[in-house]
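Below are the chains, spelled out letter by letter.
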Amino acid sequence: MNAKTHSEKLPVAPPIINTDEAQMQASILASALPYLRRYAGDTIVVKYGGHAMGHGELANAFGYDIALLKLVGINPIVVHGGGPQISAMLDRLHLKSTFVDGLRVTDQAMIDVIEMVLAGTVNKQVAELINRAGALAVGISGKDGGLLQARRIQRTKRDPETGEDKPLDIGFVGEPEKIDPRVLYALLGSGLIPVVAPVGAGKDGETYNINADTAAGAIAGAVNASRLLMLTDVPGVLDKEGNLIEELTADDVARLIADGTISGGMIPKVETCLQAVRAGAKAAVILDGRVPHTCLLELFTRAGPGTLIKAS
């Protein structure tokens, strides 16, 4: 399908009411020009998950955002989660989930279901959001083209009686061991948007479920992304008064974890961002996915709504 034909899939814009409104829209477009120049030809990795995935209007807005990035010359890569969808399917199949340190203990029956949901239903739904908005997205999993080569996560638990740390088996839960981005480059080079389900393969062909944040961070580092955008259900990193912290370095992160400002589930998110920038990404941003068009606000306006994380 050629570019002209494909662009005709875009919905007709609402009619301009008056000259003032037309002038305002033109001013908005003109103000975005420096940012369009800044990111032209760059690769942006977006981790899509949380509230935005389950809300119709937010999901549609996300699809438009990603399509727009591609149509203005930016190369987006989407990595998605799917925890609620997995839980719903496991409940339907009467498979009970247990968690250790936020990780779902996963046996063989469960990993089969997880792969079906993540690489099947959810992956294709996310790709279709982008396709409906006028770009061409292709859903793949981390197993395709050897993209996400994984190893089993090792966890230990201290025995309260002996004080010894004993190995804890959480099954087919993995972490990236190596990223081979050739399949991503092939898709991007063909004008396509990769949509990646965070399922990886072990050295013996076994399937591993990988945390979507971790997968997105590893991919962002491997492709030297200009930005890793992490969509979450919070505004970003907050100080002790609840105010948004606009920018952090590695030293800042270490200090804020030590004094308790960064705690709980935010710790692995900022650590993932730091790992990404240390591996090759220029910067990472923790964004509120509940805000419509949050990706565009971050990239194309001065009022970037999230917390920017850099190595130094």
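Treat the numbers as computed from the prediction; the structure is a model and nothing was measured. As a convention, each chain's residues are numbered from 1 in the sequence order in which they are written. Residue-level local features of this predicted model are given only where pLDDT is at least 70; pairs of side-chain atoms are given and counted only at 80 or more, and the full residue set underlies all totals for whole chains, interfaces and linings. Neither water nor hydrogens contribute to the side-chain values; these are computed over all heavy atoms in the structure.

Here we look at the UniProt feature "binding site: substrate" (unreviewed entry) in the chain
- UniProt's feature table lists "binding site: substrate" (unreviewed entry) at Gly82, Gly83, Arg104 and Asn209, given in the numbering used throughout. Despite a sequence span of 128 residues, these residues sit close together in the fold, their greatest C-alpha distance being 12.4 Å.
- Among the structural elements, glycine 83 can be located in helix α5 (residues 83-92).
- Only DSSP runs of H or I with at least four residues qualify as helices, and only runs of E with at least two residues qualify as strands; both kinds are numbered from the N terminus onward. Secondary-structure assignment places asparagine 209 in strand β12 (residues 207-210).
- Type-normalised accessible area, obtained with a 1.4 Å probe on protein chains alone, sets the label of each residue: buried when under 20%, exposed when over 50%, and partly exposed for intermediate values. On the basis of relative accessibility, which here comes to 13%, the residue asparagine 209 falls in the buried class. UniProt positions are given in the numbering used here, feature names are shortened, and annotations may be inferred rather than shown by experiment.

Re the pattern of salt bridges
- A pair is scored as a salt bridge if a Lys or Arg side-chain nitrogen falls within 4 Å of a carboxyl oxygen belonging to Asp or Glu. Applying the stated criterion across every chain yields a total of 10 salt bridges.
- The residue lysine 143 makes a salt bridge to glutamate 115 at a minimum N-O spacing of 2.9 Å. Placement of the pair is lysine 143 in the loop between β5 (137-141) and β6 (148-152) and glutamate 115 in helix α6 (residues 108-132), with a sequence separation of 28 residues.
- Overall, lysine 143 belongs to the partly exposed group, its relative accessible area being 29%.
- On the basis of relative accessibility, which here comes to 23%, the residue glutamate 115 falls in the partly exposed class.
- Of the charged contacts, one joins aspartate 252 and arginine 255 as a salt bridge, the two residues approaching to 3.3 Å between their closest N and O atoms. In this pair, aspartate 252 and arginine 255 both sit in helix α9 (residues 250-258), three residues apart, roughly one turn of the helix.
- When its relative accessible area of 21% is taken as the criterion, aspartate 252 is described as partly exposed.
- Note on arginine 255: relative accessible area 46%, which makes it partly exposed.
- Members of the salt-bridge network, linked through shared partners, are Lys47, Asp213 and Lys269.

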